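The residues making up each chain are set out below.
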Amino acid sequence: MTSPASQDPVAHEGRTLQRPGSVVVVGAGLAGAATVAALRDQGFDGHVTVLGAEGLEPYDRPPLSKELLDRTAPAPLRDEVGADVALADDVRLDDAATGLDLDGPHPAVRTATGVVVADAVVLATGAHAVVPPTWRGARTLHTWRDATGLREALRDGPAGRRLVVVGAGWIGAEVAGVAARAGVDVTVVEAATAPLAAALGPAVGSWTVPWYDAAGVRLLTGVRVAAVEPGQVLLDDGTSLPADVVLVAVGARPSSGWLSGALPLEPDGSLAVDDAFRVLGTDAPVVAVGDLAVRTSPRHGVVPGGHWDGALRGPSVAVRRLLGGVPASADDLTPYVFSTQLGHELALHGHPATDDDVVVRGDVAGAVTALWFRPGTDRLSAVLSVDRPRDVAAARRLFTGPDLPVLDRTRAGDPDVPLKAAVLAG
Ligand SMILES: Cc1cc2nc3c(=O)[nH]c(=O)nc-3n(C[C@H](O)[C@H](O)[C@H](O)COP(=O)(O)OP(=O)(O)OC[C@H]3O[C@@H](n4cnc5c(N)ncnc54)[C@H](O)[C@@H]3O)c2cc1C
């Protein structure tokens, strides 16, 4: 058990916090590993405990889909991003937290093997893939174990294997492309009218429709899956799709069940945090980072988790503030998602809203960028670049001020004008 040893008081928005002498990090994924790295990078020399649930050194998840069929070992975050949990004092990679007690003088995390008491708790338990419990034999893809099972089923199964992917979101599209390239017969079933509709809206999402055909993937949109049974997927319209392997990629839910009763959870299971990633609704020194947290950004509004970049960079902000650092404008991280799917590179900066206006920059059949503007204004809310790396770099620089940038829509829509040159003052 860790002995709490609080040090200097730290003022925080009217609340006086103790600078922690010990920290327990719950979750050994990207956000957990990045937290440990940030603690040590920022000079914290107190006791750090890490609790994980997978029994594996923290590894990177994006390669699980992008390199599904080629990868034979996880990509350790120690190598990928230099985040090494070995910098912690007590690393328990297979000792999942089962509860959090905030009633005592110090927060206490319960596990199957005991209790860890510390001055501060960093919650980084991420998310897990959603799948209806009655869908028998359906697979999901979130962990190395999932990837191994899916790879073996696709690679070592009978010849002419048929994969049905339910959901044409980021992960479904990536796996469909990788599997089709390896000769698997792939059908993707999407309930919305277009792929990526939840993230990009149906109009921009529909730009990706021809990619499926070009990759040899059958795409069915606007149809719902009624049931998954051994050997087949049944659609709402009565169609039966024969399937040797079924991957359900319909989204993820925060892994917060173990926190119920201890902290106020949002309806989707996430934890609302402030600009310092402190959990709202409690005075206890508890921080949430990565996919578990939902933050309100002064620039972008509500920013849910689910993004690699936020899980990597959020912990540095959270740790700096936990250790007494003052707010900085750079704390307001821009949401950023990247994806390699069906032969295309996508980068989304910002957070498009459903009622934003879309300006198209380039040719939707080729290299193209979508620019979202707040309705009827010149305020740019998000940028999606498809195979236009220059716009990726420009977009990153656009979202650094306290407010959304203001751009001349006409110039911004001209693919020959650098995005930066379309920026208007104020
Ligand atoms: C297949 C795949 C591909 C992806 N590709 C991209 C991409 O291309 N671009 C992008 O932006 N994002 C991508 N993502 C999303 C990105 O990987 C996540 O946003 C990121 O991993 C979130 O990190 P996290 O640490 O918050 O959560 P996680 O990575 O989910 O890690 C949380 C860890 O906490 C552990 N845990 C859970 N409960 C407990 C408990 N009670 N006690 C202790 N430990 C617990 C979990 O086992 C897990 O190891 C992808 C995700 C997946 C699954």
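Analysis parameters
- Residues numbered from 1 in each chain as written.
- Predicted model: local features only at pLDDT ≥ 70, side-chain atom pairs only at ≥ 80, totals over all residues.
- Heavy atoms only, no water.
- Salt bridge = Lys/Arg side-chain N within 4 Å of Asp/Glu carboxyl O.
- Helix = DSSP H or I, 4+ residues; strand = E, 2+ residues; numbered from the N terminus.
- Pairing = 2+ DSSP bridges.
- Axes fitted to C-alpha atoms, helices over the stretch in contact; angles between N-to-C directions.
- Phe/Tyr/Trp six-rings, centres within 6.5 Å; stacked < 30°, edge-to-face > 60°.
- Buried < 20%, exposed > 50% of the residue type's maximum accessible area, 1.4 Å probe, protein only.
- Contact = heavy atoms within 4.5 Å.
- Polar contact = N/O pair within 3.5 Å; in protein donor to acceptor, adjacent residues only side chain to side chain.
- Domains from an automatic or database assignment.
- Buried area = accessible area lost by both parts, 1.4 Å probe.
- Near = heavy atom within 4 Å.
- Areas by Shrake-Rupley, 256 points an atom, 1.4 Å probe, with all protein chains shown as cover.
- Nonpolar A, V, L, I, M, F, W, Y, C, P; charged D, E, K, R; others polar.

On to the pattern of salt bridges, then. Taken as a whole and assessed by the stated rule, the structure comprises 20 salt bridges. For Lys66, the salt bridge is made with Glu174, and the minimal N-O distance between the two is 2.9 Å. One end of the pair, Lys66, is in helix 2 (residues 62-66); the other, Glu174, is in helix 5 (residues 170-181), with 108 residues separating them in the sequence. Between Arg218 and Asp185 there is a salt bridge whose closest N-O contact spans 3.3 Å.

Let us now look at the sheet that holds strand 15 (residues 232-235). Ordered in space as 14-15-16, the 3 strands form an open sheet in which the pairing is antiparallel. Whereas interior strands pair on both sides, the edge strands pair on one side only; in this sheet they are strand 14 (225-229) and strand 16 (240-242). Within this sheet the neighbouring strands show an average axis-to-axis angle of 20°, counted without direction. Summarising the sheet, strand 15 and strand 16 pair through 3 bridges and their orientation is antiparallel. The residue of strand 16 that forms the bridge with Leu234 is Ser240.

Let us now look at the packing of aromatic side chains. Taken as a whole and judged by the stated rule, the model has 2 aromatic pairs. A centroid spacing of 5.9 Å and a plane angle of 45° characterise the contact between Tyr336 and Phe338, whose relative ring orientation is tilted. Judged by relative accessible area, which is 28%, Phe338 ranks as partly exposed. Here a set of aromatic residues connected by ring pairs shows up, and it is made of Trp308, Tyr336 and Phe338.

Mapped onto the secondary structure, Asp387 falls in the loop between strand 27 (380-386) and helix 10 (389-398). Since its relative accessible area comes to 29%, Asp387 is described here as partly exposed. Remark: the alpha-carbon pair of Asp387 and Arg397, spanning 10 residues in sequence, is separated by 18 Å. With sequence-adjacent residues up to four places away left out, Asp387 is seen in contact with His344, Glu345 and Ala367. In this structure the side chain of Asp387 is engaged in a polar contact, spanning 2.8 Å, whose partner is the backbone nitrogen of Glu345.

With that out of the way, let us pick up the domain arrangement of the protein. The domain boundaries assigned to the protein delineate domain 1 (9-128 + 252-331), domain 2 (131-248) and domain 3 (352-422). Just the C-alpha atoms count here: the centres of domain 2 and domain 3 sit 31 Å apart. Counting residues at the interface gives 5 residues for domain 2 and 10 residues for domain 3. Roughly 590 Å² of surface becomes buried between domain 2 and domain 3 when both sides are summed, with 85% attributable to carbon and sulfur atoms. For domain 2, the biggest contributors to the area lost against domain 3 are Leu200, Val204 and Trp207; these three give 77% of the whole.

A word on the site of the ligand. Around the ligand, the surrounding shell holds 34 residues, and the nearest of these are Ala31, Glu54, Arg61, Lys66 and Asp291. Ala127 is positioned with one of its backbone polar atoms (N or O) 3.5 Å from an oxygen atom of the ligand. Within the backbone of His307, one N or O atom sits 3.3 Å away from an oxygen atom of the ligand. Here the ligand has 1,000 Å² of accessible area as a free molecule, and 92% of this is covered by the chains. Of all elements in the fold, only helix 1 (30-41), helix 2, helix 5, helix 9 (308-322) and strand 23 (336-341) reach the threshold of two or more residues within the shell around the ligand. Here the shell around the ligand takes 4 residues from helix 2, the largest share from any one element. Residues of the shell around the ligand, tallied by class, amount to 19 nonpolar, 10 polar and 5 charged. Of the residues that make up the shell around the ligand, three or more belong to each of domain 1 (9-128 + 252-331) and domain 2 (131-248).

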